[in-house]
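Listed here are the chains, written in short residue letters.
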Amino acid sequence: MVQNVAPVMAELEPEDFYLLSGIEQGMRFSEWVQREKIPEYSRLTAEDVEYRLDRCMDRELIERKTIQYEGYTLTFEGYDALALHTFAERETISGVGAPLGVGKESDVYEAQSYRPLALKFHREGYTNFREVMREREYTADREHVSWQYTARKAAEKEYDALETLYPDVAVPQPIDHNRHAIAMERMDGVELSQARIDSEQVRPLLEMILREIQTAYQEGYVHADISEYNIFVASGGITIFDWPQAVPTDHENSDELLKRDIDNIVGYVQRKYPSQVSEPVDIDDLSRAIRDGEFESMASFDGE
């Protein structure tokens, strides 16, 4: 994806980005944009469109398909190029470095910038479009939903959550966002799933995570997908990341999702460190305390 785009960015001319942006505009209405409509969307002449189509095809930024008409669509590399171009114009980044993590729904890369940053590119809808259509509420009220739309909405949703929560909650500092990409503070540490925790630090660490969940709730959000895979542990504390599925606390399912988040984390710690956290923990009481802002330690919620 991005590693394929970064090397060709210097070869692209302003008119190439006009073409890519024009096809992006057309994809709001149809997955494949009719060739004859591209000059209108891109504000390029028909002759320039023909030349630019060949240049962008050669660089695998767009695809062509003949159906009832000759149509063009952006590849994810083309969408990445548009986001990178915008970040560069804003001077948010000067380049892209090594991958930090590649997953089913997002790719994360080092960003070359004035400070250590990470670039997260959302991929929702590209490989699992039907699943996203079922699960994400922002696809429910649109007749035509493209994979760019689902990825962009996921990025917008995550960025909004980070802006609200930072710095009161231990989340990455949001720096900038465009389309399906977010520039954010680069996080130090290792995933909780891979961290080696001294036995005497297990309970304090669990309590730290639960207090962050509590503060996030007080600030108006439930993570809704928290697990040992989206918590970084470092010497200075923790960072909770991956917030695209976060829901506001006035959401009809927020209490259920909060309880699930708490159960996920407590359950993980119990399974990995059974001697440190007694079973059973009353998850209902623990969730209620966190909703009410009354959680301080695990002492009142351990089973006998």
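Refer to the structure above for everything that follows.
Residues numbered from 1 in each chain as written. Predicted model: local features only at pLDDT ≥ 70, side-chain atom pairs only at ≥ 80, totals over all residues. Heavy atoms only, no water.

Student: Can you explain the packing of aromatic side chains? Please cite residues and give values.
Tutor: Considering all chains together, one arrives at seven aromatic pairs under this definition. Ring centres 4.5 Å apart and planes at 35° place the aromatic pair Phe76 and Trp147 in the tilted group. With Phe76 in helix α5 (residues 76-89) and Trp147 in helix α7 (residues 147-165), this residue pair connects regions lying 71 residues apart in the sequence. With respect to class, Phe76 is no different from Trp147; both count as buried. Note on Phe232 and Phe241: the rings are 4.7 Å apart at their centroids and 65° apart in plane angle, and the pair reads as edge-to-face. For Phe232, a relative accessible area of 15% translates into the label buried. Using a relative accessible area of 10% as the deciding quantity, one classes Phe241 as buried. Counting every residue linked through ring pairs, the aromatic cluster contains Phe76, Tyr79 and Trp147. The side chain of Arg123 reaches across the aromatic face of Phe76, ending 4.6 Å from its centre. (Phe/Tyr/Trp six-rings, centres within 6.5 Å; stacked < 30°, edge-to-face > 60°. Helix = DSSP H or I, 4+ residues; strand = E, 2+ residues; numbered from the N terminus. Buried < 20%, exposed > 50% of the residue type's maximum accessible area, 1.4 Å probe, protein only. Lys NZ or Arg CZ within 6 Å of the ring centre and 35° of its normal.)

Student: Outline the environment of Ala289, listing residues and values.
Tutor: Summarising the element assignment, Ala289 is placed in helix α10 (residues 283-291). On the accessibility criterion, Ala289 (8% relative accessible area) is buried. Considering only alpha carbons, one finds Ala289 and Ile226, 63 residues apart in sequence, at a separation of 18 Å. Excluding anything up to four places from it in sequence, Ala289 contacts Gln214, Glu294, Phe295 and Phe301. (Contact = heavy atoms within 4.5 Å.)

Any functional reading would require information beyond the geometric quantities listed.
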